[in-house]
Every structure is written in structure tokens, then in C-alpha cells.
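Residue-level structure breakdown
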Amino acid sequence: RFMFTFMFLVAHSSISLAQYQYHVNRPKPSLPSFKFPAQYKELVRVYEWKNIQYGFPSEQERQEVLRNGRYNPDSPIPIDIDVYYPPKGGPARLFVTSPRFGQGVPFSLGYISNFQGENGTELQAYPSYQWHSSHGGNCDGLTSVYRVHIDACGQMWILDSGEIEFVQHCAPQVVVFDLATDQLIHRYRLPQASFKSGVSRFVNILADIRDPPPQGQCKDVFAYLADPTSKAIVVYDVAAQKSWRVENKFTYPDAKFGTHTVAGESFELLDGPLALAVTPLGLGLRRHLIFHALSNDLEVAIPLDVLNNATNWGNGLSSSLSEFISLGRRGIQCASHAISRNGFLFCGFLDPIGIFAWDIRTPYNPTNVQLIALNPEILQFVSGMKIVRRPTDGREELWLLSDRLQKIFAGTIDYREINYRVLRCDVDDLLQGRGCF
């Protein structure tokens, strides 16, 4: 009788089999219902910069790169943030990326030091200055890093686009460091079949550790790479050392959302996939990759068991189309997103300028996608977003990097003002409206 009812519903409504499988038998949320927060909730401002402050091996090196144009203080734009808490204690390490959109970026991945410079706290190159100093001349180094992902095993997955000023110097690559030792433990250069030379620009990476600690060995890993300019997601099977492209109508932008307006200033960008998240382990759900294009308001999901099988993707644009799930529309763009272990997906909306959260067990609609922090000054274009577990008490923190990207595109950025911010709040405090302290 149940099966007859289900088949009747599928046959006589817009419900697809994939949508039914996504929503059926969903466990009830373990947290209390949202409490709608007060306006202008203050997230903790951990770091602020008028302009990014870089550290160099010596003052001589700093003067040299200023002279030869490899450092222009107005060129770097911070894009991403991630945080590592040493499992045995010690201070957190914060990592910031600033891709080489232009020639004047001395290094594109750094950590926030303890030194206070003229414009703010100084960044030092990671893993060392030498890894970046060839500026694309040595493809064994790092050329241009857009985003990173630190996994539960203490490994930092680095996505290097291989470009400087949109010229391809090296093949895109995935580079992994063990943060306990700062040693290189893995490298994968994408084969030509996995990217479009002169078109692809890899901007985000998510590593799904399917055997996490303490029971697992961190060996069963799939990584997902966002390539918005060629409108695709690349799946990387780490154990098999192979990758494949996923490109279809669900990874494409929507022209109606090609104009991005933040705080009254607009810029044009027609980008495909940017934000990536996976269903957390332990929720009793079929696991999905949840993603969206930057220039689209549609949130999409694809089952991981389908996505991770390379044989499903041999038919080009028509591959496995029936497996994609249109979760719902926002009516506005949001950039990066991140998901908590209890299944709450966070994203920074462009309008209103705030952080919204959605319980993935519920339909993606305005009732369930709720505003939890609103601040039109400090949350202008949240480009970097991560959820990090704090080892001292096991609680999760939401970390954000906002960069006023609209002012950079419009040429109205004023380096006498605070432009770049790193913000933090406990996830449970945000969800329950308790404030961020």
C-alpha cells in the first residue's frame, strides 16, 4: 500500500524519484527550533585590515619585489580563510589565501602571524616563501591558491589554479600538507582531460574523508573541485589517482543572476559552481554533494554514490541528469557555504547582507532558510566560510572572511577604511540567537 501511494504521488506530481529519496525518512533535528536573532548581531571580529600586510624573509627582499612589480600593496585580495587547532593543544593557526589576480601578489597562501604591521596583522608565506617566489616559473611550487580545506585529519588540501593574471603557467594541481609537521604528503596534477586550458579557473576544493579519525585512517577520500569559468565540478578519486569532469545544465549560471549587487554597488560575473558541501557522516541520510553556481539562485544536490562512480559520467552533458535534485531557489546569490555536523548549511547572502542557515532535513524554501546574522557593514561579500571543530570542548565555530569584492570590481575601494575582516562565532550560539561570545 505504501509503495502504491508513493508511485501514485510520483506519477501525478512534480516530485522526482531523486527528490523523494532525498527527503524520505529524514531524522528529526536534534537541536531546538531556530530563535530569530536580533538585527545587526555582532560576530567576533578576529582580524581586520585596511589592506593586506605581507611579511618577507628580509627587508631587502621586500624592496626588491616592490621594485620589480611582484609586490603591489594594492593588488592582493584575500579570498578564503581556514583554521587549524592542534589536537594536543596550542594556539589556533589561521590561513588566508589571496590568488594572483595580478602580478603584485608576493604569495597566495599565508598564515596570520603575531606581528602587527602598519595596516594590520602580518601574513607570512605558507609553507615557506620559497614555495611561492618563482611566480609560476617552478611548477613544483605554488602558483595561485584560491581556497583551501583543512580536514578532520589535520591535512590542508590546497587548490592551485596554476594561473597568474589569468595566464596559465602550470597545470592546476591539488597539494596536501600535514599540518602537524608542515610536510608535503600528496600532490596531484590534473590531466588535460579534467580541465579546459585557457578557460578553467579552479577556485574551491572540498575533501570528503570517508574514514575519519579516531577509527579511520584518512585514506578513503574523494575531493571535489569547483571550476566556475568552465562551468564544471571535477571529482578526484584520491585512492585511484584519477579525476573526471561533471558538467551539465545544473552546473551552469543563470543570466538573470549575472549582476551581483552588494551595498548598492554592482559587478558583472557569469560564474558556474563555487560553493561545495557534503552531507555529514552520522546523520543516517543518503549522502549528497550540495552545491550552487555563484551566478545562480538554485541550490542543487547529487548523491555521492552516483557522483563518485566515474562510469556514470561518460555521456557528456546528458550524464546522470535524472540524479540531480533541484532543492530550491533563494531569489538572490550567495557565495561560499559550509555545513555543520548536525546538518545546518550556512551561506552569506548578497541581499540582505547577512548569514542564513538551512536545516538540510527540511525543504529548501523561505520558511526554512532563515536569517541568523545581519550586518550590512562587516558582512559585505563573505568569500570564505568554514566550520571548524574546537578540540577543547568539541564545539563547532563558524569562521568567515569578508572582502567587499564589489568595491574591488567597481574600483571604489578606499584603503583608509577597513576592507577585509576575519569573523568568528560558535555555531550553536548563532543558531540559538545567543550572540557570539
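We now turn to the structure provided with this report.

Rules and cut-offs
Residues numbered from 1 in each chain as written. Predicted model: local features only at pLDDT ≥ 70, side-chain atom pairs only at ≥ 80, totals over all residues. Heavy atoms only, no water. Salt bridge = Lys/Arg side-chain N within 4 Å of Asp/Glu carboxyl O. Helix = DSSP H or I, 4+ residues; strand = E, 2+ residues; numbered from the N terminus. Disulfide = S-S within 2.5 Å. Pairing = 2+ DSSP bridges. Axes fitted to C-alpha atoms, helices over the stretch in contact; angles between N-to-C directions.

Tallying each qualifying case throughout the model produces 28 salt bridges. The salt bridge partner of Arg286 is Asp305, with a shortest N-O separation of 2.9 Å. In this pair, Arg286 is assigned in the loop between β19 (273–278) and β20 (288–293) and Asp305 in helix α4 (residues 304–307), connecting sequence segments 19 residues apart. Residues joined by salt bridges that share partners form a network here, namely Arg390, Asp393, Arg395, Glu397, Asp426 and Asp429.

Now for the state of the cysteines. Taken as a whole, this structure holds three disulfides when the rule is applied. Between the sulfur atoms of Cys139 and its disulfide mate Cys170 the distance is 2.1 Å. Taking the torsion about the sulfur-sulfur bond, which here is approximately -85°, the covalent link between Cys139 and Cys170 counts as left-handed. Taken together, the positions of Cys139 in the loop between β6 (121–125) and β7 (145–150) and Cys170 in the loop between β10 (167–168) and β11 (173–178) put the pair 31 residues apart, joining distant regions of the chain. There is a disulfide in this structure between Cys153 and Cys218, and the S-S distance comes to 2.0 Å. Here the disulfide of Cys153 and Cys218 is left-handed, its torsion about the S-S bond being about -100°. Of this pair, Cys153 sits in the loop between β7 and β8 (155–160) while Cys218 sits in the loop between β13 (204–209) and β14 (221–227); the two residues are 65 residues apart in sequence, bridging distant segments of the chain.

We now examine the sheet that holds strand β24 (residues 344–349). As summarised here, the arrangement of the four strands in space is β23-β24-β25-β26, forming an open sheet in which the pairing is antiparallel. Among the strands making up the open sheet, the edge pair consists of β23 (334–339) and β26 (370–374). If you compare each strand with its neighbour and ignore which way they point, the axes differ by 25° on average. With six bridges connecting them, β24 and strand β25 (residues 354–359) associate as antiparallel partners. Paired with Phe346 across the two strands is Ala357, which belongs to β25.

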